[in-house]
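Here is how the chains run, residue by residue.
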Amino acid sequence: MNIDKLNDIANRMVAAGKGILAADESTGSITKRFESIKLDSTETNRRDYREMLFRSADAMKSYISGVILFDETLRQKAADGTPLVDVIKAAGAVPGIKLDKGPKPLPFCPGETVTEGLDGLADRVAEYAKLGAEFAKWRAVIDIVNGRASHNAIHANAHALARYAAICQAGGIVPMVEPEVLMDGAHDIDTCAEVTEWALKEQFQELYYAGVKLEGIILKPNMVISGKKCPTQASREEVAEKTLKVLKRCVPAAVPGIAFLSGGQSSEDATAHLHYMNAAGPLPWKLTYSYGRALQADALKAWGGKAENVAAGQKAFAHRAKMNALAASGKWAQNLEKVA
Ligand code: 13P
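An account of the accompanying structure is given in this report.

Rules of the game
Residues numbered from 1 in each chain as written. Predicted model: local features only at pLDDT ≥ 70, side-chain atom pairs only at ≥ 80, totals over all residues. Heavy atoms only, no water. Near = heavy atom within 4 Å. Polar contact = N/O pair within 3.5 Å; in protein donor to acceptor, adjacent residues only side chain to side chain. Areas by Shrake-Rupley, 256 points an atom, 1.4 Å probe, with all protein chains shown as cover. Nonpolar A, V, L, I, M, F, W, Y, C, P; charged D, E, K, R; others polar. Pairing = 2+ DSSP bridges. Helix = DSSP H or I, 4+ residues; strand = E, 2+ residues; numbered from the N terminus. Contact = heavy atoms within 4.5 Å. Axes fitted to C-alpha atoms, helices over the stretch in contact; angles between N-to-C directions. Salt bridge = Lys/Arg side-chain N within 4 Å of Asp/Glu carboxyl O. Buried < 20%, exposed > 50% of the residue type's maximum accessible area, 1.4 Å probe, protein only. Parallel < 35°, antiparallel > 145°, perpendicular 65-115°, else oblique. Left-handed = near helix turned anticlockwise from the far one by under 90°. Disulfide = S-S within 2.5 Å. Phe/Tyr/Trp six-rings, centres within 6.5 Å; stacked < 30°, edge-to-face > 60°. Right-handed = clockwise from strand over helix to strand, strands pointing away.

With that settled, consider the site of the ligand. Contacts to the ligand come from 13 residues, most closely from K137, K220, S262, G263 and R293. Contact between the ligand and K220: an oxygen atom at 2.6 Å from a side-chain N or O atom of the residue. Taking S262, its side chain carries an N or O atom lying 2.5 Å from an oxygen atom of the ligand. Expressed as a share of its isolated accessible area of 300 Å², the protein-covered part of the ligand is 93%. Its residues placed into classes, the shell around the ligand shows three nonpolar, four polar and six charged.

This is the structure:
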């Protein structure tokens, strides 16, 4: 393993004032997103949508350091025959690949899951590296059921993530380690803080046991936030403060960067939370975005599946990316949102 090479990739992924576009929705997930604009999820429509994003020069060159792709997209060509990976690289961003095969029910733990995909993973990493992927993502899902998560779910997911991370590093690509505590449910922000702290403590212990070198990973965590159905919703400032407190307790300074998921937050909340955290710096690691929904929702709506709306979709994407890039430097302000 060449840790200097991995560290260099990780640093490029969290370059100052940039962040990651998570465009790795599985076919099932992108089909659901397309349903919201009444668009059929054909291979060509999926290609056109993602090509629109990756060719958004304003957004990609200035604000996007990396893009996470689903298998289909990594192998796909743009309408003019250019591989989409080359479109991403030409914009100066690092291509990545979603490696996990999704969360599956965890026996004897009702409502909880463990993410699968380890079998044959070293061979898949080797193939994806040849196709141009320099980093990967694996998402574990921790669901707070009736106010708690089980040790079995936390441990099984942390162990699988650590095995995945070691396989990635041995194969020369940077693992994004994503233990996501879901914001679904009625739990309060302090319950989210407790479960997130537990999941991260367990995660770094498992990474250590697996021999993973922290200089060559990116952590992709949830923010510490009130459950969606909790009657008391914490303020943006409280989310930032409580998230930072948990991260400082759990994430060693050797980790080059932390890139949050948005997890169902509104686009503006996801930006504001990131801003307040960076404004409270200096921090031991880079703190940026690896958003899916919070970067894409406005662009998807503006595009609406119509060729004549490509420029409008790209404009919406560039605006959201710019707002998040400002937040990654602690320089966002609410009034900047109006200039859309
Ligand atoms: P969201 O930002 O929509 O949560 O997606 C990020 C991601 O990659 C989840 O795995």
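Two modes of strand pairing occur in sheets, parallel and antiparallel, and in both the strands are linked by backbone hydrogen bonds. One closed barrel accounts for eight strands, arranged β1-β2-β3-β6-β7-β8-β9-β10; its pairing is parallel. Alignment of strand β1 (residues 19–23) against strand β2 (residues 64–69), held across five bridges, turns out to be parallel. Looking at β2, one finds that A23 is bridged to L69. With respect to the sheet, helix α3 (residues 43–54) is in contact with β1 and β2, its orientation differing from that of β1 by roughly 170°. Docked against the sheet, helix α11 (residues 267–279) engages β9 (257–260) and β10 (286–291), running at close to 170° with respect to β10.

For the coordinates displayed, the defined rule picks out 20 salt bridges. Residue K98 is joined to D100 by a salt bridge in which the shortest nitrogen-to-oxygen separation is 3.4 Å. A relative accessible area of 15% places K98 in the buried class. For E180, the salt bridge identified is with R139, shortest N-O distance 2.6 Å. Taken as a pair, E180 in strand β7 (residues 174–181) and R139 in strand β6 (residues 135–142) lie far apart in primary sequence, 41 residues in all. E180 gets classed as buried once you look at its relative accessible area, which sits at 3%. Three or more residues are tied together by salt bridges with common partners; here these are R47, D48, E51, R55 and D80.

Another aspect to go through is the packing of helix α10 (residues 236–250) against α11. Where α10 contacts α11, the axes come no closer than 8 Å and their chain directions differ by 55°. The angle between α10 and α11 falls in the class oblique. The handedness of the crossing between α10 and α11 is right-handed. Contacts between α10 and α11 involve R236, E237, V239, A240, T243 and L244 on the former and, on the latter, E268, D269, A272, H273, Y276 and M277. When its residues are assigned to classes, the contact of α10 with α11 shows six nonpolar, two polar and four charged.

Here is the idea: a disulfide is a covalent bond, and it sits between the sulfur atoms of two cysteines. Counted under the stated rule, the structure contains zero disulfides. In this structure C230 is not part of a disulfide, and its nearest cysteine sulfur, from C192, lies 11 Å away. Accessibility expressed as a relative area gives 7% for C230, which makes it buried. Between C250, a free cysteine, and C192, which holds the nearest cysteine sulfur, the sulfur-to-sulfur gap is 12 Å. The class of C250 is buried, set by a relative accessible area of 7%.

Inspection of the entire model under this criterion finds six aromatic pairs. For the ring pair F34 and Y49, a centre distance of 5.7 Å and an interplane angle of 85° mean the geometry is edge-to-face. Note that F34 is positioned in helix α2 (residues 27–35) and Y49 in helix α3, a separation of 15 residues in sequence. Residue classification places F34 among the buried residues on the basis of a relative accessible area of 0%. Its relative accessible area of 1% is what places Y49 among the buried residues. Summarising the aromatic geometry, the rings of Y289 and Y291 are spaced 5.9 Å apart at their centres and angled 40° between planes, so their arrangement reads as tilted. Accessibility assignment for this pair places Y289 and Y291 in one class, buried. Grouping aromatic residues by their ring pairs yields a cluster made of F34, Y49 and W303.

Another point: helix α12 (residues 293–303). Taken together, the buried positions of α12 are A294, L295, Q296, A299, L300 and W303. At the exit of α12 stands G304, carrying a positive phi of roughly 60°.

Where burial is concerned, the two faces of β9 agree: the one with G257 and A259 and the one with I258 and F260 are both buried. Summarising the sheet, strand β8 (residues 218–219) and β9 pair through two bridges and their orientation is parallel. Bridge pairing in β9 places I218 opposite G257. Between β8 and its parallel partner β9, the chain crosses via α10, and the hand of that crossover is right-handed. Sheet analysis places β9 next to β10, joined by four bridges and oriented parallel. Bridging across to β10, G257 finds its partner in K286.

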